[in-house]
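Spelled out from the first residue to the last, the chains are:
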Amino acid sequence: QVQLVESGGGLVQSGGSLRLSCAASGIIFRISAMGWYRRVPGKQRERVATIASGGSTNYADSMEGRFTISRDNAKNTVYLQMNSLKPEDTADYYCNDCIRGSVATREYEYWGQGTQVTVSS
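Q: When you look at the state of the cysteines in this model, what are you seeing that I'm missing?
A: As used in these notes, a disulfide is a covalent bond between sulfur atoms, one from each of two cysteines. Taken as a whole and judged by the stated rule, the model has one disulfide. The thiol of C98 is not disulfide-bonded; the next cysteine sulfur, from C95, is found 11 Å away.

Q: So what exactly am I meant to see when it comes to the nonpolar core here?
A: Soluble globular proteins tend to bury their nonpolar side chains together. Judged by nonpolar contacts, the single largest core of 28 residues is most densely connected at W36, L80, M82 and Y93. Counting residues per element, the ones that place at least two in this core are β1 (2-7), β3 (18-26), β4 (30-39), β5 (46-51), β7 (67-72), β8 (77-82), β9 (91-100) and β11 (115-120). The residues contacting Y93, other than those within four sequence positions of it, are E6, L20, W36, Y37, R38, V48, F67, L80, M82, G114, T115 and V117.

Q: What's the story with the environment of G26 in this structure? I'm lost.
A: Its place among the elements puts G26 in strand β3. Sequence spacing of G26 and L4 is 22 residues, and the spatial spacing of their C-alpha atoms is 9.0 Å.

Q: Which parts of the structure should I look at to understand the pattern of salt bridges?
A: Think of it this way: side chains of opposite charge can pair up when their charged atoms draw near. Scanning the model with the defined rule gives three salt bridges in all. With a shortest N-O distance of 2.6 Å, E46 and R38 are connected by a salt bridge. On the accessibility criterion, E46 (33% relative accessible area) is partly exposed. For D89, the salt bridge is made with R66, and the minimal N-O distance between the two is 2.7 Å. With D89 in the loop between β8 and β9 and R66 in the loop between β6 (57-59) and β7, this residue pair connects regions lying 23 residues apart in the sequence. Just as D89 is buried, R66 falls in that class too. A cluster of three or more residues bridged by salt bridges with shared partners is formed by R38, E46, R66 and D89.

Q: Please explain the sheet that holds β8 as it appears in this structure.
A: Consider a sheet: its strands pair through backbone hydrogen bonds, and that pairing is either parallel or antiparallel. In space, the four strands of this open sheet follow the order β1-β3-β8-β7, with antiparallel pairing throughout. Bordering the open sheet on either side are β1 and β7, each of which pairs with just one other strand. Between one strand axis and the next, the sheet turns by 15 degrees as a mean value, whatever way the strands run. Sheet topology places β7 next to β8; six bridges connect them, and they run antiparallel.

Calculation notes
Residues numbered from 1 in each chain as written. Predicted model: local features only at pLDDT ≥ 70, side-chain atom pairs only at ≥ 80, totals over all residues. Heavy atoms only, no water. Disulfide = S-S within 2.5 Å. Core = buried A, V, L, I, M, F, W, Y, C linked by side-chain atoms within 4.5 Å. Buried < 20%, exposed > 50% of the residue type's maximum accessible area, 1.4 Å probe, protein only. Helix = DSSP H or I, 4+ residues; strand = E, 2+ residues; numbered from the N terminus. Contact = heavy atoms within 4.5 Å. Salt bridge = Lys/Arg side-chain N within 4 Å of Asp/Glu carboxyl O. Pairing = 2+ DSSP bridges. Axes fitted to C-alpha atoms, helices over the stretch in contact; angles between N-to-C directions.

Keep in mind these numbers describe shape, not what the thing actually does.
What follows is the structure, encoded as structure tokens:
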């Protein structure tokens, strides 16, 4: 079984920074894509950023230049550095990993439990 555990959320003032972490544990052969998504209550989940196994990244337009996604493959961990935070960034943030348990199994998508980020004005 695989588990994703997030940390780093909290309350921050507008213009401040936070760093989210998401560590995967369990039976892991390889993690391909890793990513961060967010959801505001009452709205649809939106993609924040993704990072491929080779390190290429992709960001949602509103986060480009303010957020940085990175990964540590040795630790099975993905990070999201969030700078210049705005009140509209307030949401629950979820990590998402595409993980293969062994060379013989297919890839499955896993989600973290979510971490709350609140940006005060």
